[in-house]
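Breakdown of the fold
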Number of protein chains: 4
Amino acid sequence: MVFKLRGNKMVDKWETKITQIKPNEINIRGYRVEDLMTNLTFTESIYLLFTGTLPETGVGKLLEAIFISSIDHGVTPPSAHATRTAVSTGAPYNAAVAAGLLSINDYHGGAIYNCMHILQNALDLVSEENDVDGVAKELVHDAIQARKRIAGFGHRIHKCDPRTRKLFSLAEEYGIGGKAVEMIKAFKVAMKEQGKNIPINVDGAIAALLIDLGLPHDLANAFFMIARVPGLFAHAFEEKTTQKPMRHIDTKNHVYAGNENIQIPERREG
Amino acid sequence: MVFKLRGNKMVDKWETKITQIKPNEINIRGYRVEDLMTNLTFTESIYLLFTGTLPETGVGKLLEAIFISSIDHGVTPPSAHATRTAVSTGAPYNAAVAAGLLSINDYHGGAIYNCMHILQNALDLVSEENDVDGVAKELVHDAIQARKRIAGFGHRIHKCDPRTRKLFSLAEEYGIGGKAVEMIKAFKVAMKEQGKNIPINVDGAIAALLIDLGLPHDLANAFFMIARVPGLFAHAFEEKTTQKPMRHIDTKNHVYAGNENIQIPERREG
Amino acid sequence: MVFKLRGNKMVDKWETKITQIKPNEINIRGYRVEDLMTNLTFTESIYLLFTGTLPETGVGKLLEAIFISSIDHGVTPPSAHATRTAVSTGAPYNAAVAAGLLSINDYHGGAIYNCMHILQNALDLVSEENDVDGVAKELVHDAIQARKRIAGFGHRIHKCDPRTRKLFSLAEEYGIGGKAVEMIKAFKVAMKEQGKNIPINVDGAIAALLIDLGLPHDLANAFFMIARVPGLFAHAFEEKTTQKPMRHIDTKNHVYAGNENIQIPERREG
Amino acid sequence: MVFKLRGNKMVDKWETKITQIKPNEINIRGYRVEDLMTNLTFTESIYLLFTGTLPETGVGKLLEAIFISSIDHGVTPPSAHATRTAVSTGAPYNAAVAAGLLSINDYHGGAIYNCMHILQNALDLVSEENDVDGVAKELVHDAIQARKRIAGFGHRIHKCDPRTRKLFSLAEEYGIGGKAVEMIKAFKVAMKEQGKNIPINVDGAIAALLIDLGLPHDLANAFFMIARVPGLFAHAFEEKTTQKPMRHIDTKNHVYAGNENIQIPERREG
């Protein structure tokens with residue numbers, strides 16, 4: 001709350017630091033929107049919006065990969081299913097996507113947040129007496145004793161998730177991975193040693209990278225949801241334009257009938 | 001609906017063409033997700049998700065600019081206000097952003113859809129007997145007679161919106177603007193001739209460009225909402241981390257207290 | 001908007017006529033809330049809230065029956081399904097029920113609104129030259145020619161819906177049925193004569209009764225949604241307390257395992 | 001999960017115990033819906049839906065009073081404000097009410113749940129060595145030391161809430177108040193003795209009564225939300241039918257302009 005002089009009277013106003021609006025002028029975190037429009041990608045602007053600073057080139061590229069990694073996962077996730085269910089009753093797009101977002105919680109889409117919590121807690125325990133490997137060993141031991149799943153590990157379908165590998169290799173290429181990536185890899189080793197050979201999933205990789213990027217824990221799931229909203233719109237659009245209303249939607253009973261095995265053309269590989 | 005042989009029985013399955021999920025393999029519209037992660041931006045992947053094809057470089061860049069243009073507009077839009085209102089009661093992020101999306105409708109965020117409708121209808125009327133200028137004149141005349149606002153024109157704050165100018169100049173640079181851009185400009189001329197000197201707003205510019213990009217009318221507002229979701233998260237985050245719960249939120253009574261007048265550094269201008 | 005003197009300044013304020021709040025005093029439509037608490041039922045208070053007047057005893061009883069008739073319809077309606085889908089991901093109750101409400105639209109729960117529209121339009125066409133039966137015949141003929149379903153008729157499961165019969169008999173008992181009930185019955189006769197022997201469904205019955213009760217068309221679906229919200233909470237509660245998270249919910253694959261064939265005890269029948 | 005013989009195959013089905021649907025037959029918790037429609041009120045049916053049993057007459061009447069007590073509280077609560085904000089952008093009713101529900105959380109509408117938690121915890125601590133008064137004293141002491149507010153006490157407007165008084169007097173009349181009512185009253189005494197003379201608010205009264213009625217803790221806020229949904233519809237309807245779209249809604253800047261001081265007529269008092 002600040003007090004400002006208005007006429008001859010002090011008035012109290014609440015503060016925002018995100019966007020400044022003046023006639024014919026829109027400034028996002030202090031930058032002219034039209035300058036952002038020619039110099040940044042949408043993803044880089046999201047980073048600016050959240051942190052107030054421009055991302056390094058490598059950070060921007062890693063964030064593109066993070067968003068793309070979570071953009072869609074077919075028709076079975078509950079968020080896609082809730083979106084299609086709403087569309088099938090005649091819902092407008094915003095309501096259908098809202099129903100999808102309301103189905104993103106602890107058990108679906110919540111793993112990034114929960115894994116960030118575990119990793120941050122682990123990093124806080126590292127000391128001169130107990131290094132990364134030592135902390136990981138102890139926490140994995142405790143989790144196994146308590147029969148608790150560790151968020152960020154395991155996937156109902158993918159044993160060797162191509163997204164995880166790619167994210168870690170990009171992070172290495174851009175010199176971004178740090179303590180949190182080291183920690184989650186130590187967790188993986190410790191789990192294997194203790195008889196649980198479970199892969200790091202895409203949420204675990206994202207969780208580690210968001211910590212190493214210095215992004216706030218509170219925004220963990222924002223990254224997943226921003227990534228997935230386009231996917232939900234794609235499902236809403238497909239449901240509305242190709243299916244009859246009020247159909248019985250059994251997510252198990254579908255078949256993929258689209259394009260297969262397309263290669264990215266040369267010019268993009270370069 | 002397709003029929004597939006399963007065992008010795010024909011079963012019917014419903015089709016999707018968006019994403020194919022196999023163990024350790026995720027294909028978006030036929031492309032390996034890990035290939036997209038290194039070769040595309042998030043924005044380009046959204047285009048792929050919606051259309052099934054990779055965007056030309058210029059198309060991708062224009063779409064970045066479109067998304068950035070609508071990423072946020074401060075605390076006064078109803079979607080930001082509804083999001084903050086929900087957060088203030090203790091709502092989790094997904095619920096707060098859902099409340100924001102539910103406040104994006106005909107009178108806020110709906111102009112792209114409505115303007116696309118007007119422009120597409122106008123383009124359908126163009127014939128050998130009646131060219132773009134003629135159609136624009138007639139439709140503007142009809143609207144003024146019926147005292148109807150034309151979606152895509154006018155703004156409560158900006159008389160000369162920097163976003164509109166930038167979008168049109170980028171479209172020209174990338175060779176994208178076509179019939180719909182021509183039509184909305186003809187509308188502007190016709191309005192001025194008929195005594196209504198009202199500027200094309202950012203929604204009007206986006207509407208024209210989405211038509212010229214061949215994007216489906218139905219997804220018009222998806223572009224606005226995908227762009228704005230990060231803005232809603234930014235407001236939710238700021239509200240939660242800087243304000244007390246259950247405060248009286250008067251959107252008029254705020255002050256911008258963030259950074260001002262920052263220049264994009266050289267390296268990005270190039 | 002009214003102008004009120006505040007200090008020595010005229011200020012404009014916006015008006016509400018629903019509830020007046022003063023310290024230690026809550027007045028709903030002019031009545032002390034504590035008086036309503038002892039003299040009205042919840043249902044009667046809803047009527048008061050919407051219309052500003054107390055309902056006659058028969059009106060109150062009919063509305064109880066209307067709300068009860070729509071309180072739940074098992075696990076297959078999309079609203080129950082969306083609610084359960086959200087709960088299964090870990091959604092809090094309000095978010096789960098919101099997802100359910102967002103799945104109540106034209107094709108599920110929208111029939112009351114649509115049927116009221118048809119009936120009101122039909123009643124407006126009645127004149128000295130064309131009576132109720134004549135109007136019904138014409139409109140049914142037009143609908144059949146256009147191959148359009150008439151909202152308020154037919155049900156995917158019930159051919160002879162016990163709720164419809166009960167609502168009409170209660171309306172007769174309380175002397176409430178009027179022109180709209182007459183009209184929907186004329187529609188039924190006309191449909192049968194024209195080869196479509198389709199029953200009036202519960203939505204059709206409610207639509208006719210809401211018109212005859214003088215309730216505004218705009219609130220049509222409010223009655224359905226108010227009635228169904230408790231049902232959605234019941235499903236959310238059952239899902240949360242009896243099922244594992246992130247299960248595959250196939251609504252067709254369920255079985256009713258609760259109480260059966262219980263009689264209302266004597267004292268209530270009287 | 002049960003296994004049922006279907007053809008010559010055992011299939012597993014998931015169970016529901018709420019509503020049984022057969023052709024021309026709808027059974028709520030084992031009762032024919034048409035029997036409920038003539039013998040129960042809507043409120044009594046909600047109790048049946050949640051508990052599986054018919055309420056005693058007094059229980060039904062107390063629940064009517066509980067629902068009415070929370071049916072509306074004017075335009076300032078965030079749920080009413082979010083609903084009106086959504087309507088003002090052109091939202092359909094279900095979306096507007098969903099936005100309202102999403103604004104019912106810990107700091108608005110969550111007090112019943114939180115107070116039930118405190119009271120149940122307190123009751124669990126009562127033993128031969130420590131009676132109700134002793135437990136209340138200790139817990140109040142702890143809360144004051146920790147500078148924690150006790151849910152169910154205090155109100156920003158009402159120092160002597162007429163709803164609280166009425167609920168306790170009705171509970172006494174119907175012989176319903178029990179251990180939890182005793183406990184919350186002991187809390188009040190202990191708070192006064194320790195220098196905090198804060199009244200029990202309506203949420204505290206409802207929390208105590210729901211415990212004494214044996215209703216599950218998980219449904220605490222369901223009672224508040226079911227009660228408030230009609231209020232949200234009333235605000236949505238008033239906003240849509242009396243205000244211009246996209247107005248600046250400042251909840252402080254309103255005036256009540258409806259009926260005042262109406263007495264319930266004689267016949268209802270009896």
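What comes next concerns the included structure. (Residues numbered from 1 in each chain as written. Chains lettered and ligands numbered in written order. Predicted model: local features only at pLDDT ≥ 70, side-chain atom pairs only at ≥ 80, totals over all residues. Heavy atoms only, no water.)

**Details of the relation of the copies chain B and chain A**
With an RMSD of 0.0 Å, the fit of chain B onto chain A corresponds to turning through 180° and sliding 0.0 Å along the axis. The transformation just described matches what one would write down for a two-fold rotation axis. Considering only C-alpha atoms, the residue of chain B closest to the rotation axis is Ala98 of chain B, which sits at 2.4 Å. When the interface residues of chain B are mapped onto chain A, 100% of them are again interface residues, pointing to one common binding face. (Least-squares fit on C-alpha atoms with pLDDT ≥ 70 in both. Contact = heavy atoms within 4.5 Å.)

**Observations concerning the sheet that holds strand β3 (residues 19-22) of chain C**
All names here are of chain C. Ordered in space as β3-β4-β5, the 3 strands form an open sheet in which the pairing is antiparallel. Looking at the sheet topology across the chains shown, the edges are occupied by β3 and β5 (31-32). Here strand β4 (residues 25-28) pairs with β5 via 2 bridges, running antiparallel. Note that in β5 the partner of Asn27 across the bridge is Arg32. (Pairing = 2+ DSSP bridges. Helix = DSSP H or I, 4+ residues; strand = E, 2+ residues; numbered from the N terminus.)

**A closer look at the interface of chain A and chain C**
Taken together, the 26 residues of chain A in the interface contact 26 residues of chain C. Surface buried jointly by chain A and chain C totals about 2000 Å² across both partners, of which 68% is contributed by carbon and sulfur atoms. At the boundary of chain A with chain C, the tally comes to 13 residue pairs in polar contact (both at pLDDT 80 or more). Considering each element in turn, the side of chain A that touches chain C owes the most residues, 6 residues, to helix α4 (residues 78-88) of chain A. For the side of chain A that touches chain C, a count of residues per class yields 13 nonpolar, 10 polar and 3 charged. (Buried area = accessible area lost by both parts, 1.4 Å probe. Polar contact = N/O pair within 3.5 Å; in protein donor to acceptor, adjacent residues only side chain to side chain. Nonpolar A, V, L, I, M, F, W, Y, C, P; charged D, E, K, R; others polar.)

**A closer look at the interface of chain B and chain A**
Taken together, the contact pairs 111 residues of chain B with 111 residues of chain A. Between chain B and chain A the total buried area reaches about 9900 Å² when both faces are included, carbon and sulfur atoms providing 65% of it. Across the contact surface, chain B and chain A share 2 salt bridges. In this structure, Lys240 of chain B and Asp218 of chain A form a salt bridge, with 3.4 Å as the shortest nitrogen-oxygen distance. Inspection of the chain B/chain A interface yields 44 residue pairs in polar contact (both at pLDDT 80 or more). When the residues that make up the side of chain B that touches chain A are grouped by side-chain class, the tally is 53 nonpolar, 28 polar and 30 charged. (Salt bridge = Lys/Arg side-chain N within 4 Å of Asp/Glu carboxyl O.)

**Overview of the environment of Met225 of chain C**
On the secondary structure map, Met225 of chain C appears in helix α11 (residues 220-242). Sequence separation between Met225 of chain C and Gly177 of chain C is 48 residues; the distance between their C-alpha atoms is 23 Å. Non-local contacts of Met225 of chain C, meaning those with residues more than four positions away in its chain, are made with Leu101 and Ile104 of chain C together with Asn94 and Phe233 of chain D.

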